[in-house]
Amino acid sequence: MRQNRYKPLPLHNKMYKKGELTSSQIITIVLLLFGFGILLIFLLVILDIDSYNADEICKLSVIARATAPDIAQRAIPLKCTTQKICITGGDDCQEYKGLKNVADPVEVKGMTEQDIRTEIEKTIADEMYDCWSAMGEGKLDLFGGSTSSPLAGIPVIEAFGKKQTVCTVCARIKVNNISESTLQSIDVNDYLATTPFPDNSGETYIQKLTDNSVRSYPREFRENFSLADKGTDEIAILFLQINTGDNPMKAFGETGLKSASFIFGTGASVFPGSLLLSGKVAIVGGVVGGSAAFLQTYRSQNLAAAYCGEVQSVDEARHGCSLVTTFDYHNARALKEYCSVIEGQP
Amino acid sequence: MNRRGEDDEKLLANTTGIILAVIILLLLIVGLYEGIKTATSDNEFENAHEVFTALDTTLNALNDKVSINYTLQGYASRSDWYLTAWNQGVPGRPDQCFLENCICICRGGTDKSACEKGECKTYDIDAISVTTPYWGYETTERECDLDPYGNCIDIGFGKQEKRYNHILIPQSFDLIQIEKDLESDPSSLKITLFTDKYLNKQIEE
């Protein structure tokens with residue numbers, strides 16, 4: 001017995017000595033801890049939405065909502081806060097004081113009329129594109145969700161179920177202390193059609209907004225540009241989406257779809273129906289009813305990028321139309337007419 | 001000795017397993033908590049606060065004499081939210097108003113408890129009114145025209161303009177009128193919502 005105590009232990013017994021870890025165990029634990037550390041940091045970064053800017057939070061919530069199953073879709077809030085942009089030739093816009101998501105003012109004091117015009121047109125064009133892009137270019141089902149889900153009682157689902165338009169106000173743009181003559185010379189439609197998008201792709205804003213399917217406006221649309229409208233000092237960049245049920249063409253035929261008719265009404269007059277209904281992105285003309293041009297006063301009706309076709313939904317194939325456009329923010333009655341419900345944060 | 005070694009081995013393996021399980025469990029709990037927090041965060045209060053701040057900024061920027069139309073941008077919500085005014089001396093005022101006149105944004109009603117679920121702001125002005133006019137039937141008294149002898153000719157219940165002393169925050173947009181005329185009426189700050197239904201009815205009348 002005594003001799004045995006000093007007998008050399010086999011190697012494998014050495015490894016099981018009390019309190020000693022094997023090298024493989026140590027490596028495994030270190031790797032696991034390291035892995036979990038990375039995962040923890042990743043999770044904390046992902047979940048720390050406070051450190052994200054408003055655009056990123058909005059995009060994340062759009063993706064989260066669009067990819068959620070119907071039953072859970074409504075539980076995911078659309079965290080898109082209306083951005084407030086003041087373009088000023090003097091003081092800041094008082095109306096935006098104390099509000100959330102106010103961008104740094106765009107100062108145009110001392111600029112030439114041409115530069116001010118370009119600055120305003122660029123700001124609007126960029127906001128239209130950002131809004132369209134953040135909302136999934138109209139291809140994501142954002143305002144759907146199951147009407148049989150426990151959350152179906154909330155207004156947006158009911159509105160969507162009734163084929164009413166649901167809107168998100170992506171941005172408000174206000175001009176302050178800018179001369180009337182400068183405002184009258186603004187033509188966002190022309191800017192969108194002729195200015196290259198700032199990504200060195202060589203494509204114009206229109207091409208970007210339409211997946212390159214539209215390069216210039218048809219003649220009929222250009223003729224409509226000359227239509228005058230009432231001016232305003234503040235516009236809203238709106239994203240609108242309507243669930244058309246099965247086929248957008250069918251919805252087009254339904255006279256009851258008042259709020260949706262502008263999408264088709266003007267679109268059909270500008271483009272052949274086949275283009276609009278093929279599911280491709282299209283540019284459509286001004287809003288029916290003479291509402292809301294905006295700063296491009298006396299020049300043209302407002303422009304919109306629209307998409308009609310299948311919208312991506314996790315549980316079922318849905319059809320709908322989406323649109324990004326500008327509206328006179330002071331024309332509350334027109335806004336109300338076209339937006340049954342607003343999603344997102346004011 | 002061998003048996004003790006085996007026990008140690010088991011203990012070691014179990015300890016490692018327990019540590020890993022605790023780490024995984026913690027991560028799951030943190031993830032779940034953050035997920036639930038994000039999903040159920042009270043956006044409605046934030047939205048109401050933003051609507052109220054925008055209105056307050058506009059009110060504070062007004063001149064002494066002005067009448068403006070203001071676009072009230074609402075939001076989709078499960079609860080109804082109301083704007084209402086509380087003047088001095090009115091019983092059951094929210095505590096946030098102290099002794100001042102105030103405007104409140106209230107959740108689910110317009111009484112004190114509903115307003116305390118929202119927020120209030122005080123204004124140094126003699127009186128404030130927040131109203132929504134509408135056309136409704138007067139049910140308490142029948143109306144009558146007087147004949148030449150002074151007798152009442154019953155013409156039934158009259159339909160006349162009535163007012164709610166609140167504005168329901170819309171789920172889309174609404175137009176409200178803000179009137180402030182301190183020169184001729186020092187007690188005046190009127191915020192009025194004119195619904196489409198009311199305006200149409202006014203045209204008919």
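Only a predicted model underlies this, so the values are computations on that prediction, with no experimental measurement involved. (Residues numbered from 1 in each chain as written. Chains lettered and ligands numbered in written order. Predicted model: local features only at pLDDT ≥ 70, side-chain atom pairs only at ≥ 80, totals over all residues. Heavy atoms only, no water.)

1. Section: the nonpolar core
Generally speaking, a soluble globular protein has its nonpolar side chains buried in company with each other.
Here is step 1 of the chain: By size, the foremost hydrophobic cluster in this structure holds 43 residues, and its most contacted members are I87, I120 and I237 of chain A.
Here is step 2 of the chain: Of all the secondary structure elements, the ones that give two or more residues to this core are helix 4 (54-66), strand 1 (83-88), helix 6 (113-134), strand 3 (166-176), helix 9 (188-194), helix 10 (205-209) and strand 4 (234-245) of chain A.
Here is step 3 of the chain: Top contributing element to this core by residue count: helix 6 of chain A, with nine residues.
Here is step 4 of the chain: In this structure, A48, A54, Y123 and I178 of chain B belong to the second largest nonpolar core, which totals 31 residues. (Core = buried A, V, L, I, M, F, W, Y, C linked by side-chain atoms within 4.5 Å. Buried < 20%, exposed > 50% of the residue type's maximum accessible area, 1.4 Å probe, protein only. Helix = DSSP H or I, 4+ residues; strand = E, 2+ residues; numbered from the N terminus.)

2. Structural notes on the confidence of the model for chain A
Residues and elements named next belong to chain A.
Here is step 1 of the chain: Of the residues in chain A, 56% have a pLDDT of 70 or more, and the chain-wide mean is 68.
Here is step 2 of the chain: Within chain A, no element has a lower average pLDDT than helix 14 (residues 273-277), which sits at 28, and none a higher one than strand 1, at 94.
Here is step 3 of the chain: Within the model, the stretch residues 224-228 combines pLDDT values under 50 with 11 contacts to residues more than four positions away or in other chains.
Here is step 4 of the chain: Under a pLDDT of 50 for its full length, residues 251-301 has, in the predicted model, 162 contacts with residues more than four places off or in other chains. (pLDDT = per-residue confidence, 0-100. Contact = heavy atoms within 4.5 Å.)

3. Focus: the pattern of salt bridges
Residue and element names in this part refer to chain A.
Here is step 1 of the chain: Counted according to the given criterion, the structure contains 14 salt bridges over all chains.
Here is step 2 of the chain: For D126, the salt bridge goes to K122, with nearest N and O atoms at 2.8 Å. Within this pair, D126 and its partner K122 are both found in helix 6, separated by four residues, close to a single helical turn.
Here is step 3 of the chain: Taking relative accessible area as the criterion, K122 reaches 30% and is therefore assigned partly exposed.
Here is step 4 of the chain: Beyond isolated ion pairs, a larger network of salt bridges with shared partners links E95, K174 and D233. (Salt bridge = Lys/Arg side-chain N within 4 Å of Asp/Glu carboxyl O.)

4. Here's the deal with the pairing of strand 2 (residues 81-86) of chain B
All names here are of chain B.
Here is step 1 of the chain: When you tally the buried positions in strand 2, you get six out of six residues, the bulk of the element.
Here is step 2 of the chain: As defined by bridge partners, strand 2 adjoins strand 3 (residues 101-107) across six bridges and the pair is classed as antiparallel. Pairing of W86 across the sheet is with C102, part of strand 3.
Here is step 3 of the chain: As paired elements, strand 2 and strand 9 (residues 167-168) share two bridges and run antiparallel to each other. Pairing of Y82 across the sheet is with L168, part of strand 9. (Pairing = 2+ DSSP bridges.)

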